[in-house]
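One-letter residues, chain by chain:
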Amino acid sequence: MIRRPVAWTVAVVLGVEAFAVGALNWLLGVVADRQHMSLAGVDPALMVRSTQLAAIVFGLYFALCALVALLVAVRDREPAGLGRALLISAAVVHGMLGAFGWGLVGWTTFLYMVVVLALIVLLLVSYDAPADRQPEAGPGEGPREGPGAAPVTPPAAPTAP
């Protein structure tokens, strides 16, 4: 099965990303503080505090996504509820960062973001849907199989006119 290794990989990648994004934003706050930088007349102290707050928020966001992937790997069950929503939002964030990264940083950033996006999507779709969420067999299709399948009744014998 590929599900557990993918979940472990996503957990490790998002954990490293949580640390890296948090550290990078914190470093940007330190640089803005030491240079007394201001953007359009905004108070430099406000910029430093907001950058450090962004470091904490984004670091915790990616750490929480890594925790969800870790729980998926340990339990070997699909993510549900808030965890699924977090992983979907992380996939969207990586898609957007990949698109911006292509133009601003280069194709290597784009490639990294697309690989992480693919891993998250693979984690989300690698689990089969439960029997109660599987589509019913349509006309001309064979009967569904599995624990939630309805019993098959043979067609009635033709009658002579």
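Below is a short write-up of the structure. (Residues numbered from 1 in each chain as written. Predicted model: local features only at pLDDT ≥ 70, side-chain atom pairs only at ≥ 80, totals over all residues. Heavy atoms only, no water.)

Below, the discussion takes up the nonpolar core. Val 10, Leu 14, Tyr 61, Cys 65, Leu 87, Ile 120 and Leu 123 are the most contacted members of the largest nonpolar core, which totals 24 residues. At the level of elements, helix H1 (3-35), helix H2 (44-75), helix H3 (82-104) and helix H4 (107-125) are the ones that each hand at least two residues to this core. Ranked by the residues each element gives to this core, the list is headed by H2, at eight residues. Apart from the residues lying within four places of it in its own chain, the contact partners of Tyr 61 are Leu 86, Ser 89, Ala 90 and Val 93. (Core = buried A, V, L, I, M, F, W, Y, C linked by side-chain atoms within 4.5 Å. Buried < 20%, exposed > 50% of the residue type's maximum accessible area, 1.4 Å probe, protein only. Helix = DSSP H or I, 4+ residues; strand = E, 2+ residues; numbered from the N terminus. Contact = heavy atoms within 4.5 Å.)

As a further point, take the packing of H1 against H2. As a packed pair, H1 and H2 sit with axes 8 Å apart at the nearest point and diverge in direction by 175°. Taken together, the axis directions place H1 and H2 in an arrangement best described as roughly antiparallel. Classifying every residue of the contact of H1 with H2 by side-chain character gives 24 nonpolar, seven polar and three charged. (Axes fitted to C-alpha atoms, helices over the stretch in contact; angles between N-to-C directions. Parallel < 35°, antiparallel > 145°, perpendicular 65-115°, else oblique. Nonpolar A, V, L, I, M, F, W, Y, C, P; charged D, E, K, R; others polar.)

Let us now look at the packing of aromatic side chains. Any pair of aromatic rings gets described here by the distance separating the centres and the angle formed by the planes. Scanning all chains against the criterion turns up two aromatic pairs. Note on Trp 102 and Phe 110: the rings are 4.9 Å apart at their centroids and 90° apart in plane angle, and the pair reads as edge-to-face. Of the residues examined, Phe 110 reaches a relative accessible area of 30% and is grouped as partly exposed. (Phe/Tyr/Trp six-rings, centres within 6.5 Å; stacked < 30°, edge-to-face > 60°.)

Relative to the assigned elements, Ala 99 resides in helix H3. A residue is classified by how much of its surface remains accessible, and Ala 99, at 51% relative accessible area, is exposed. Taking the C-alpha atoms as reference points, Ala 99 and Thr 109, 10 residues apart in sequence, are found 9.2 Å from one another.

The backbone phi angle of Asp 76 is positive, close to 55°, even though this residue is not glycine. Relative to the helices and strands, Asp 76 resides in the loop between H2 and H3. Under the relative-accessibility criterion, Asp 76 is labelled partly exposed at 28%.

So, on to the side chain of Glu 17. Position of Glu 17 relative to the elements: it lies in helix H1. Arg 84 is the oppositely charged side chain nearest to the buried, salt-bridge-free Glu 17, at an N-O distance of 19 Å. There is a polar contact of 2.6 Å between the side chain of Glu 17 and the side chain of His 94. If we ignore the near neighbours within four places in the chain, the residues touching Glu 17 are Phe 62, His 94, Tyr 112 and Val 116. (Lys, Arg positive; Asp, Glu negative; His and termini not counted. Salt bridge = Lys/Arg side-chain N within 4 Å of Asp/Glu carboxyl O. Polar contact = N/O pair within 3.5 Å; in protein donor to acceptor, adjacent residues only side chain to side chain.)

We now examine the layout of surface pockets. Considered as a void within the structure, the largest pocket measures approximately 340 Å³ in volume. Looking at the largest pocket, it is lined by 17 residues, and the ones nearest its centre are Val 21, Leu 24, Phe 62, Leu 97 and Met 113. For the lining of the largest pocket, the secondary-structure elements that each account for two or more residues are H1, H2, H3 and H4. Residue composition of the lining of the largest pocket, by class: 13 nonpolar, three polar and one charged. Reported here for the second largest pocket is a volume of approximately 150 Å³. What lines the second largest pocket is Val 68, Leu 71, Val 72, Arg 75, Arg 77, Glu 78, Pro 79, Ala 80 and Gly 83. Of the residues belonging to the lining of the second largest pocket, the class tally is five nonpolar, one polar and three charged. (1 Å grid on protein atoms, 1.4 Å probe; cavity = no way out; pocket = protein on both sides within 12 Å on 5 of 7 lines; lining within 4 Å. Points joined across faces, edges and corners; volume = space filled by probe spheres on them.)

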